[in-house]
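Okay, here's what each chain looks like letter by letter:
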Amino acid sequence: MTLHRFTHRTKKDEDRAEEIESHLAHEQDANAARGLSPLEPRRQARLRSGNLRLTHERVLRYRSFLWIEDGWRDLRFALRSLGRTPGFTTVTLLVMAALRLE
């Protein structure tokens, strides 16, 4: 596995959403070919597919290590937060350095 897999997740999410939409479109076309009313094919396709959000989460869980992605997200959040408060960050680093020297 590569680090690229974890850092470019939005592209993979978009690809996955596009794939799910493609499956829905195929199902909708099949329903329309069966002679359903104009609004019914899409509804039937969504009913057969089930909860799309749940499907997306299952695929995500299957294809990734969530704890690594969560850790990466937490680290980025912490760095952004420290970047917003440079005075606090400086004081904190100085105190930690002073404690380590003792």
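Residues numbered from 1 in each chain as written. Predicted model: local features only at pLDDT ≥ 70, side-chain atom pairs only at ≥ 80, totals over all residues. Heavy atoms only, no water.

### Description of the environment of Asp13
Counting through the fold element by element, Asp13 comes out in helix H2 (residues 9-33). Classification of Asp13 as partly exposed rests on a relative accessible area of 22%. Taking the C-alpha atoms as reference, Asp13 lies 8.6 Å from His56; in sequence the two are 43 residues apart. (Helix = DSSP H or I, 4+ residues; strand = E, 2+ residues; numbered from the N terminus. Buried < 20%, exposed > 50% of the residue type's maximum accessible area, 1.4 Å probe, protein only.)

### With respect to a nonpolar patch on the surface
Where nonpolar side chains cluster on the molecular surface, the patch consists of Trp72, Leu75, Leu79, Leu82 and Phe88 and spans about 500 Å² of accessible area. Here the nonpolar patch takes four residues from helix H5 (residues 66-84), the largest share from any one element. Take Phe88: it is sitting in helix H6 (residues 86-101). (Patch = residues over 30% accessible without salt bridge, like charges linked within 9 Å, V, L, I, M, F, W, Y side chains within 5 Å. Areas by Shrake-Rupley, 256 points an atom, 1.4 Å probe, with all protein chains shown as cover. Salt bridge = Lys/Arg side-chain N within 4 Å of Asp/Glu carboxyl O.)

### Considering the packing of H5 against H6
It is at 5 Å that the axes of H5 and H6 come closest, and there the two elements cross at 105 degrees. When the interaxial angle is binned, H5 and H6 end up roughly perpendicular. Between H5, through Leu82, Gly83 and Arg84, and H6, the contact on the second element is made entirely by Pro86, Phe88 and Thr89. Grouping the amino acids of the contact of H5 with H6 by side-chain chemistry returns three nonpolar, two polar and one charged. (Axes fitted to C-alpha atoms, helices over the stretch in contact; angles between N-to-C directions. Parallel < 35°, antiparallel > 145°, perpendicular 65-115°, else oblique. Contact = heavy atoms within 4.5 Å. Nonpolar A, V, L, I, M, F, W, Y, C, P; charged D, E, K, R; others polar.)

### Topic: the side chain of Thr89
Here Thr89 shows up in helix H6. The class for Thr89 is buried, based on a relative accessible area of 16%. Looking at Thr89, its side chain comes within polar contact range of the main-chain oxygen of Leu82, at 2.7 Å. (Polar contact = N/O pair within 3.5 Å; in protein donor to acceptor, adjacent residues only side chain to side chain.)

### Quick look at the pattern of salt bridges
Inspection of every chain in the model, using the stated rule, returns one salt bridge. Linking Arg73 and Asp70 is a salt bridge whose minimum nitrogen-to-oxygen distance equals 3.0 Å. A residue pair is termed a helical-turn pair when its members lie 3 or 4 positions apart in one helix, as Arg73 and Asp70 do in helix H5 at three residues.

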